Number of protein chains: 2
Amino acid sequence: MKRDSRLSVALHVLLHMAQQDDQPVTSEQMAAWAMTNPVVIRRTFAGLREAGIVASTKGHGGGWRLGRATAAISLAQIQDALGEPLIALGKAEESPGCAVEQAVNAALDDAVAQARDLLNRKLATITLADLAADVGPMRHPSTEDQDHVV
Amino acid sequence: MKRDSRLSVALHVLLHMAQQDDQPVTSEQMAAWAMTNPVVIRRTFAGLREAGIVASTKGHGGGWRLGRATAAISLAQIQDALGEPLIALGKAEESPGCAVEQAVNAALDDAVAQARDLLNRKLATITLADLAADVGPMRHPSTEDQDHVV
DNA sequence: TTTCATGTAATTATATTTGTTACGTGATGA
DNA sequence: TCATCACGTAACAAATATAATTACATGAAA
């Protein structure tokens, strides 16, 4: 693992979920898709649940399913729900009173804010349905998992 | 410490250097400005030296100075010389053969590339001279350091 | 009431970044 | 010449951040 990869993990799993005919999938299944741990999935998807992007049910036969149609879920919403900056400028939090530092931060903040806005607008135009279409003609294996190489 | 803060550290130090009337400053002095270690400075500035943004001389009376006028040094050049992405998308390098993963990466790469381009263009328009102007009327203490609170 | 699956806290592991120590090289000046 | 200064780097240690794991409580279904 390296950087914060929650967004791509979430997208990956969500797209797989979109193929599941609204059948609930367990965090264990989802973890297999993302090659990670079930707890990591539950943790990552907690934010998505709060945002209504997914819903989860406990107990026997429980699991996770999409909260609304794939066409109504944008990448921007997902990113938001994850609480991820995606564009993170590492500023050196050094001397709060230094005028030089303030000028540096102001300039960088401004430039980064614009880039971040552009990215957000771009992500807002892409839905899960769009991505699903890009994946190409996917089968709908009733419940079986294609062992991760779909 | 947190994220990769080399860019803001470099900018901070470079601006201080711009006030030094082309007098060489030692890495120890620079480290004091950035509240870090001289070796960290020498390491960080190695890339800037290769890019001609700064020059260093060894031996007695040696040190670092700007390689060209502040108006000829853009933030984009500095970022480049540091070899820093600044916008890093943490993609989960999982299953290379997974069509879902490929679709996800393609979509994100495209969006991120545009944001990165915008940021680069923005940074290319800002020079050290611009930032120095933003700092406001700065004194020119012959050789003395203002103990970091300029 | 047994089993399944989520919800979370706590802990451990791993990777990245930064800080430190050590020593070599070149340049200056007494 | 030689002592000193300052860079150039490798090697190592420390701090941080992220992810993985363990453990257990809660709720739902069979």
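Quantities reported herein were computed from a predicted structural model and do not represent experimental measurements.

1. Re the protein's contact with DNA strand C
Then, in step 1: Taken together, 30 residues surround DNA strand C, and among them Ser27 and Arg49 of chain A together with Thr36, Asn37 and Gly59 of chain B come closest.
Then, in step 2: Within 4 Å of the protein, the contacting atoms of DNA strand C are drawn from sugar and phosphate to the extent of 68%.
Then, in step 3: Between a base nitrogen of DNA strand C and a side-chain N or O atom of Arg43 of chain A, the distance comes to 3.4 Å.
Then, in step 4: Here a phosphate oxygen of DNA strand C sits 2.5 Å away from a polar atom, N or O, in the side chain of Arg49 of chain A.
Then, in step 5: Looking at side-chain class alone, the surface near DNA strand C contains seven nonpolar, 13 polar and 10 charged residues.

2. Structural notes on the pattern of salt bridges
Residues and elements named next belong to chain A.
Then, in step 1: Across all of its chains, the model carries two salt bridges over all chains by this definition.
Then, in step 2: Across the pair Arg65 and Asp22 runs a salt bridge, and its minimum N-O distance is 3.5 Å. A residue pair is termed long-range when its members are at least 10 positions apart, and Arg65 in strand β2 (residues 63-66) and Asp22 in the loop between α1 (6-18) and α2 (27-34) qualify at 43 residues.

3. Things to note about the pairing of β2 of chain A
Residues and elements named next belong to chain A.
Then, in step 1: In this structure, strand β1 (residues 54-57) lies alongside β2, joined through four bridges in antiparallel fashion. Across the sheet, residue Thr57 finds its bridge partner in β2, namely Gly63.
Then, in step 2: Between β1 and β2, which pair antiparallel one after the other, the connecting turn spans five residues, and Gly59 there sits at a positive phi close to 75°.

4. Re the packing of helix α4 (residues 75-82) of chain B against helix α5 (residues 99-124) of chain B
Residues and elements named next belong to chain B.
Then, in step 1: Relative orientation of the contacting elements α4 and α5 amounts to 120°, with a least axis distance of 6 Å. Our classification of the angle between α4 and α5 gives oblique. Contact residues: Leu75, Ala76 and Gln79 in α4; Asn120, Leu123 and Ala124 in α5.
Then, in step 2: Class assignment for the residues of the contact of α4 with α5 results in four nonpolar, two polar and no charged.

Definitions and cut-offs
Residues numbered from 1 in each chain as written. Chains lettered and ligands numbered in written order. Predicted model: local features only at pLDDT ≥ 70, side-chain atom pairs only at ≥ 80, totals over all residues. Heavy atoms only, no water. Near = heavy atom within 4 Å. Polar contact = N/O pair within 3.5 Å; in protein donor to acceptor, adjacent residues only side chain to side chain. Nonpolar A, V, L, I, M, F, W, Y, C, P; charged D, E, K, R; others polar. Salt bridge = Lys/Arg side-chain N within 4 Å of Asp/Glu carboxyl O. Helix = DSSP H or I, 4+ residues; strand = E, 2+ residues; numbered from the N terminus. Pairing = 2+ DSSP bridges. Axes fitted to C-alpha atoms, helices over the stretch in contact; angles between N-to-C directions. Parallel < 35°, antiparallel > 145°, perpendicular 65-115°, else oblique. Contact = heavy atoms within 4.5 Å.

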